[in-house]
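# Residue-level structural notes
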Amino acid sequence: MSQQQRKSIVVLTGAGVSAESGISTFRALDGLWQNHRVAEIASPQGFAVNPSLVHRFYNGRRQQLVSGTVQPNRAHLALAELEARFRGKFWLVTQNIDDLHERAGSEKVIHMHGELLKKRCAHCGDIGMATQALKITDTCARCHRTGGIRPHVVWFGETPLRMGEIYDALKCCDLFIAIGTSGNVYPAAGFVDAAAAVGAHTVELNLEPSAVESAFAEKKYGPAGTLVPDFISRLEG
Ligand code: NAD
């Protein structure tokens, strides 16, 4: 199918798309994220046990974003350009909590695992921007209770966001591209099956074969900063 004939593209990105911007990926071989066990810093139980540690962890990641030390790379930029040029429907679903897609110019971004630059009150559900460090003593602007302010990110055991919209997009896509994602975290790892079930062409672009590599019709391996611009220029060419 030529690019002109395509009606709808869904792109899924994971931590690998931001790796060359200097943001570490998650599932390094040791199962640690920035030297912390995932359960400690990415689960509601971890937050209940040690909220200060969890805040310190995300405050550090947030500071990295707001300080400008990380910038979008060629993969983020190529995806923003594809969205701007493509005449059909386009969705960029990301598991990433950073804002590098938006900073590259992407507009229709669905953050299924939340956003580091937002906070949420666990008591009343109020969501607000968070560009500064969060503390356990912070008070909610809406319900005025203390102790419930947390990063607006989806932790293990919690339901990803905007799943209805994502499955609606997958149901009508004719091209599905997964970039920089390990295929270990569900439901995102199952999106390739949903896209293939409606006849979409499925493509994996990753540093190495993912855990669900066999589900993809086409796969290319290498760093996203090279692979993604090359793939998109061939797609458009
Ligand atoms: P992951 O860390 O589990 O896997 C990353 C994948 O990217 C791996 O398969 C790895 O081989 C690949 N990769 C590494 N460097 C790459 C590169 N330069 N080019 C292309 N691919 C590369 O990430 P995941 O699958 O997204 O799932 C982990 C969870 O971690 C997500 O839920 C996400 O919310 C969270 N997370 C987010 C960020 C972020 O926001 N940038 C960073 C770390 C983890």
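The sections below set out a description of the structure shown in this document.

Reading guide: rules and limits
- Residues numbered from 1 in each chain as written.
- Predicted model: local features only at pLDDT ≥ 70, side-chain atom pairs only at ≥ 80, totals over all residues.
- Heavy atoms only, no water.
- Helix = DSSP H or I, 4+ residues; strand = E, 2+ residues; numbered from the N terminus.
- Rg over C-alpha atoms; globule rule 2.2 N^0.38 Å.
- Buried < 20%, exposed > 50% of the residue type's maximum accessible area, 1.4 Å probe, protein only.
- Pairing = 2+ DSSP bridges.
- Axes fitted to C-alpha atoms, helices over the stretch in contact; angles between N-to-C directions.
- Expected span 1.5 Å × (residues − 1).
- Contact = heavy atoms within 4.5 Å.
- Polar contact = N/O pair within 3.5 Å; in protein donor to acceptor, adjacent residues only side chain to side chain.
- Near = heavy atom within 4 Å.
- Areas by Shrake-Rupley, 256 points an atom, 1.4 Å probe, with all protein chains shown as cover.
- Nonpolar A, V, L, I, M, F, W, Y, C, P; charged D, E, K, R; others polar.
- Salt bridge = Lys/Arg side-chain N within 4 Å of Asp/Glu carboxyl O.
- Parallel < 35°, antiparallel > 145°, perpendicular 65-115°, else oblique.
- Left-handed = near helix turned anticlockwise from the far one by under 90°.

### Here's the deal with the overall build of the protein
From N to C terminus, the protein includes nine helices and eleven strands. Here the protein has a C-alpha radius of gyration of 18 Å; the compact-globule value for 237 residues is 18 Å, and the two agree. Dimensions of the protein, computed from the C-alpha atoms along their principal axes, are close to 55 × 35 × 30 Å. Here the protein, with 237 residues, has 51% of them falling under the buried criterion.

### Considering the sheet that holds strand β6 (residues 114-121)
Pairing is antiparallel in the open sheet, where three strands are placed in the order β7-β6-β8. Single-partner strands in this sheet number two, and they are β7 (127-129) and β8 (149-153). Averaged over neighbouring strand pairs, the angle between their axes works out to 45° when direction is ignored. In the sheet, β6 pairs with β8 via five bridges, with the strands oriented antiparallel.

### Section: helix α5 (residues 74-85)
For α5, built from twelve residues, the straight-helix expectation of 16 Å at 1.5 Å per residue is met to within 8% by its first-to-last C-alpha distance of 16 Å. Elements that come into contact with the buried residues of α5 comprise β1 (8-13), α1 (16-19), β4 (89-94), α6 (100-104), β9 (175-179) and α9 (224-236). Between the side-chain oxygen at the start of α5 and the backbone nitrogen of A75 there is a gap of 2.8 Å, and the oxygen is on N73.

### Things to note about the sheet that holds strand β10 (residues 201-206)
Spatially, the six strands line up as an open sheet ordered β5-β4-β1-β9-β10-β11, and their pairing is parallel. In the strand order of this sheet, the two ends are held by β5 (109-111) and β11 (218-221), each with one partner. Pairwise comparison of adjacent strand axes, ignoring direction, gives a mean angle of 15° for this sheet. In terms of strand pairing, β10 meets β11 through four bridges, oriented parallel. Following the sheet pairing, E204 is matched in β11 by K219. Those strands touched by helix α7 (residues 163-171) are β1, β4, β5 and β9, and its axis lies near 130° from that of β1.

### Topic: the site of the ligand
Around the ligand, the structure places 27 residues, and the nearest of them are F26, Q95, I97, D98 and H113. At a separation of 2.8 Å, an oxygen atom of the ligand approaches a polar backbone atom of A15. Backbone polar atom of A224 to a nitrogen atom of the ligand: 2.8 Å apart, as the coordinates give it. When the ligand sits alone it has 850 Å² of accessible area, and the protein chains cover 92% of it. Considering each element in turn, the shell around the ligand owes the most residues, three residues, to α1. Residue composition of the shell around the ligand, by class: ten nonpolar, 13 polar and four charged.

### Overview of the pattern of salt bridges
Close approach of charged atoms allows side chains with opposite charge to pair. This structure, assessed with the given rule, holds ten salt bridges. For D138, the salt bridge is made with K135, and the minimal N-O distance between the two is 3.1 Å. Of the charged contacts, one joins E158 and R150 as a salt bridge, the two residues approaching to 2.8 Å between their closest N and O atoms. Given the relative accessible area of 23%, E158 is considered partly exposed.

### Structural notes on the packing of α5 against α9
Two quantities define a packed helix pair, namely the angle between the helix axes and the distance between the axes. One can describe the packing of α5 onto α9 by two numbers: an axis separation of 7 Å at closest approach and a directional angle of 20°. When the axes of α5 and α9 are compared, the pair comes out roughly parallel. For the pair α5 and α9, the sense of crossing is left-handed. Across the interface between the two elements, R74, A75, A78, L79, L82 and R85 from α5 touch A224, G225, T226, V228, P229, I232, L235 and E236 from α9.

### Re unusual backbone geometry
With omega at 10°, the peptide bond leading from Y186 into P187 counts as cis. Within the secondary structure, P187 sits in the loop between β9 and α8 (191-197). Not every positive phi belongs to a glycine, and H144 is a case in point at roughly 65°. Residue classification places H144 among the exposed residues on the basis of a relative accessible area of 57%. Unusually for a residue other than glycine, R162 sits at a positive phi of about 60°. Secondary-structure assignment places R162 in the loop between β8 and α7.

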